[in-house]
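# Commentary on secondary and tertiary structure
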Amino acid sequence: MSFQTDGGGVQFRCNDIKILTSGSTWSTRLSQIGKVKGEILICTYSLPNLDYVQGIFAKRPYGIKMIANSRFRHKAQQIKALYPEIEVGLLEDMHKKTLLIEPQTIFIGSANFGKSGWRENCVGFHSPDMFEFCRAEFYMDWQEAEKVRGE
């Protein structure tokens, strides 16, 4: 039985997939952020402390949109104040953990953005088709998200 595209998701083919285990972190996945030319899109339930954010976003403090759960409003406001060119949105029901790096890299895992300390897993894909599907999903969430304003 093969997957089908339906209301629950999209079926796609991909020749480049990697399963990542506890040795892989958000910091590792974003270590080359300064070399990325396209947009970076992040969905997460929680937000990390500012030291962790600075260690990543200082390399490229622009061209990033992220959506977090509304429970982390204060941290979102801190990030927005520190990096005004990074766009931050909040949703009450956000629980996804995804990272999209244009043009075709997608990471979907169990860890929230930040340093976990838990046994986590993640799957990475290089797929233009999946990227476009996930980007469209991100922007549907983005339209509903409350945007965090700079203070």
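Whatever comes next refers back to the structure up there.
The sections below set out a description of the structure shown in this document. (Residues numbered from 1 in each chain as written. Predicted model: local features only at pLDDT ≥ 70, side-chain atom pairs only at ≥ 80, totals over all residues. Heavy atoms only, no water.)

## Quick notes on empty space enclosed by the protein
Going through the model one piece at a time under the given rule, you end up with one cavity of 30 Å³ or more. There is about 40 Å³ of room inside the largest cavity. In terms of lining residues, the largest cavity is bounded by W26, R29, K97, T98, L99, F107, I108, G109, A111 and C122. Elements with a minimum of two residues in the lining of the largest cavity: α1 (26-29), β5 (98-101) and β6 (105-109). Broken down by element, the residue count for the lining of the largest cavity peaks at three residues, all from β6. Tallied by class, the residues present in the lining of the largest cavity amount to six nonpolar, two polar and two charged. (1 Å grid on protein atoms, 1.4 Å probe; cavity = no way out; pocket = protein on both sides within 12 Å on 5 of 7 lines; lining within 4 Å. Points joined across faces, edges and corners; volume = space filled by probe spheres on them. Helix = DSSP H or I, 4+ residues; strand = E, 2+ residues; numbered from the N terminus. Nonpolar A, V, L, I, M, F, W, Y, C, P; charged D, E, K, R; others polar.)

## Digging into the sheet that holds strand β4 (residues 87-91)
Spatially, the eight strands line up as an open sheet ordered β1-β7-β6-β5-β2-β3-β4-β8, and their pairing is mixed. The open sheet has two edge strands with one neighbour each: β1 (17-20) and β8 (146-147). Together, β3 (64-69), β4 and β8 form the strand contacts of helix α3 (residues 73-82), whose direction differs from that of β4 by roughly 170°. (Pairing = 2+ DSSP bridges. Contact = heavy atoms within 4.5 Å. Axes fitted to C-alpha atoms, helices over the stretch in contact; angles between N-to-C directions.)

## Focus: helix α4 (residues 128-144)
For α4, spanning 17 residues, the distance from its first C-alpha to its last is 25 Å, which sits close to the expected 24 Å at 1.5 Å a residue. Within the sequence span of α4, burial applies to M130, F131, C134, R135, F138, D141 and W142. End-on, the buried residues of α4 take up no more than an arc of 130°, which puts them together on one face. Exposed residues pointing more than 90 degrees away from the buried face of α4 are listed as D129, Q143 and E144. (Expected span 1.5 Å × (residues − 1). Buried < 20%, exposed > 50% of the residue type's maximum accessible area, 1.4 Å probe, protein only. Arc of directions from axis to C-beta.)

## Side note on α3
Regarding α3, the residues found buried are A76, I79 and K80. Around the axis of α3, the buried residues are gathered within 100° of arc, so they sit on the same side. In this fold, the buried residues of α3 make contact with α2 (50-57), β3 and β4.

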